[in-house]
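Structure assessment
Below are the chains, spelled out letter by letter.
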Amino acid sequence: MTRVFSGIQPTGELHLGNYLGAIRNWAKMQHETDALFCVVDLHAVTVPKTPGEVGESTLRLSQLLMAAGLDPEVCTLFVQSHVREHTECAWLMECSVSFGELSRMTQFKDKSDQHKSFISAGLFTYPALQAADILLYDTEEVPVGDDQRQHVEITRDIAERFNSRYGETFVLPKAVVPKAAARVMDMQHPDKKMSKSLDSPKGTVGLLDEPKQIAKKIKSAVTDNDGEVRFDVAEKPGVSNLLSILGAATDRDPEALADEYEQYGQLKVDTADAVVALLEPFQERFRELEADPGETARLLKIGADKARETASTTVARAKAAIGFLAD
Ligand code: ATP
Ligand code: LTN
């Protein structure tokens, strides 16, 4: 069975982009592959947090993921900091990637612009930790949204370099990006991807938003003035975003959907209805899970124990390949 791994940061509330671009596909893939999903809390502290914040967000995100369909009995769901091998392997990765390569990462450029007052060294070496996440599990496929392609590419480059220096050690992974909704755009700024950290409350459809709020945000989406419903991401980003969302929510092709609409108003109404219907059962499940944090912790521990088995073997293999003196 294909080994699949993906990660998500416990930062901010989940939004429709996370769900359609990533999590929904994870829930499908867990049944067809040998899949691991990780709440990457170590990545979250690359930007400053208040004491306790990261733990709370980790618990909540784990419950959100379970509500979205990740079943700890089917896949391995765990927290990154619970498996120490991630930090150990990250060092080996840091020594296998160059300053120049890290300097070219667009996520680093974006995030360092957003957090100018303190740019941590961890934010810069972030891709090395991500490479460790992926390579520790002999991952073949990494299901992610479009924005993460570059991180998977650098992981491949690191693995290739390590293998050529020290001998075959790591499996080379590839990114798997969904056809529909790989890049859900902000409702108010359709030229920017919907993002937890873009401060755009009206443009970000939260997975836990009330149905009324969801409908309002979608109905106030920024479009354009030419009045023609056409799927054209470059010329008509707002309308194309609505078509992509409606297409992803109803399993239809956005271009085919465009032919069925004459007016933006009806497109917005149908998109809002489809998103509300998609999220309702998810919201209900989340409320149930939220009430029992002890059970979530128990399930996460099982996940971490399982993940550690593979991770520790891989780190031992990598250290042996480099030839550290045995302890
Ligand atoms: P942040 O703003 O803190 O970077 P984010 O909203 O980009 O957060 P991540 O935790 O970085 O979310 O991403 C989790 C997953 O969701 C990744 O696989 C990412 O590719 C996907 N994703 C994030 N935003 C979108 C989007 N707008 N459209 C489609 N997929 C997305
Ligand atoms: N960088 C990713 C989160 C992430 C990840 C991973 C994704 C960390 N480690 C391993 C896939 C595989 C993000 O910002 N979405």
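In case you missed it, the structure is sitting above this.
Described below are features of the structure shown in this document.

Around ligand 1 sit 22 residues in total, of which Lys111, Asp147, Lys193, Ser195 and Ser197 are the nearest. One nitrogen or oxygen atom from the main chain of Gly17 is found 3.1 Å from a nitrogen atom belonging to ligand 1. Here an oxygen atom of ligand 1 sits 2.4 Å away from a polar atom, N or O, in the side chain of Ser195. In terms of residues, the shell around ligand 1 owes the most to one element, helix α1 (residues 16-29), which gives four residues.

Let us look at the pairing of strand β3 (residues 76-79). Burial of the side chains of β3 extends over both faces: Thr76 and Phe78 are buried on one face and Leu77 and Val79 on the other. Where strand β2 (residues 34-39) lies against β3, four bridges are found, and the strand directions are parallel. Residue pairing in the sheet places Phe37 in a bridge with Leu77 of β3.

The next thing to look at is helix α7 (residues 121-135). The α-helix advances 3.6 residues per turn, and as a result positions three or four apart in sequence lie on the same side. Across its 15 residues, α7 extends 22 Å between first and last C-alpha, which sits within 8% of the 21 Å expected from 1.5 Å per residue. Of all 15 residues making up α7, 12 are buried, and the element is well covered by its neighbours. What α7 keeps buried is the set Leu123, Phe124, Tyr126, Pro127, Ala128, Leu129, Gln130, Ala131, Ala132, Asp133, Ile134 and Leu135.

Let us now look at the environment of Ser6. Here Ser6 shows up in strand β1 (residues 3-8). Sequence separation between Ser6 and Arg149 is 143 residues, and the spatial gap between their C-alpha atoms is 12 Å. At a separation of 2.8 Å, a polar atom in the side chain of Ser6 contacts the main-chain carbonyl oxygen of Pro143.

Quick look at the pattern of salt bridges now. When their charged atoms lie close together, side chains carrying opposite charge are able to pair. Following the criterion strictly, the structure yields 21 salt bridges and no others. For Asp138, the salt bridge is made with Arg317, and the minimal N-O distance between the two is 2.9 Å. Of the two residues, Asp138 is situated in the loop between α7 and β4 (141-143) and Arg317 in helix α13 (residues 293-322); the sequence distance between them amounts to 179 residues. For Asp138, a relative accessible area of 24% corresponds to the partly exposed category. In this structure, Arg298 engages Glu295 in a salt bridge whose closest nitrogen and oxygen atoms are separated by 3.0 Å. Of this pair, Arg298 and Glu295 both sit in helix α13, separated by three residues, roughly a single helical turn. Residue Arg298 is classed as partly exposed on the basis of its relative accessible area, which comes to 44%.

Further remarks concern empty space enclosed by the protein. One way to see where empty space is left: roll a probe the size of a water molecule over the atoms. In total, this model carries one cavity of 30 Å³ or more according to the counting rule given. Of the voids in this model, the largest cavity is the one considered here, and its volume is about 40 Å³. What lines the largest cavity is simply Met105, Gln107, Phe108, Leu123, Tyr126, Pro127 and His151. Secondary structure elements with two or more residues in the lining of the largest cavity: α6 (106-114) and α7. A total of three residues in the lining of the largest cavity trace back to one element, the largest contributor, which is α7. Grouping the amino acids of the lining of the largest cavity by side-chain chemistry returns five nonpolar, two polar and no charged.

This brings us to the nonpolar core. One finds Leu20 and Leu65 to be the most contacted residues of the largest nonpolar core, which totals 58 residues. Apart from the residues within four sequence positions on either side, Leu65 is in contact with Ile8, Ile23, Trp26, Val39, Leu70 and Leu77. Of all hydrophobic cores here, the second largest spans 38 residues; its members include Met105, Phe170, Val315 and Ala318.

What counts, and where the lines are drawn
Residues numbered from 1 in each chain as written. Chains lettered and ligands numbered in written order. Predicted model: local features only at pLDDT ≥ 70, side-chain atom pairs only at ≥ 80, totals over all residues. Heavy atoms only, no water. Near = heavy atom within 4 Å. Polar contact = N/O pair within 3.5 Å; in protein donor to acceptor, adjacent residues only side chain to side chain. Helix = DSSP H or I, 4+ residues; strand = E, 2+ residues; numbered from the N terminus. Buried < 20%, exposed > 50% of the residue type's maximum accessible area, 1.4 Å probe, protein only. Pairing = 2+ DSSP bridges. Expected span 1.5 Å × (residues − 1). Salt bridge = Lys/Arg side-chain N within 4 Å of Asp/Glu carboxyl O. 1 Å grid on protein atoms, 1.4 Å probe; cavity = no way out; pocket = protein on both sides within 12 Å on 5 of 7 lines; lining within 4 Å. Points joined across faces, edges and corners; volume = space filled by probe spheres on them. Nonpolar A, V, L, I, M, F, W, Y, C, P; charged D, E, K, R; others polar. Core = buried A, V, L, I, M, F, W, Y, C linked by side-chain atoms within 4.5 Å. Contact = heavy atoms within 4.5 Å.

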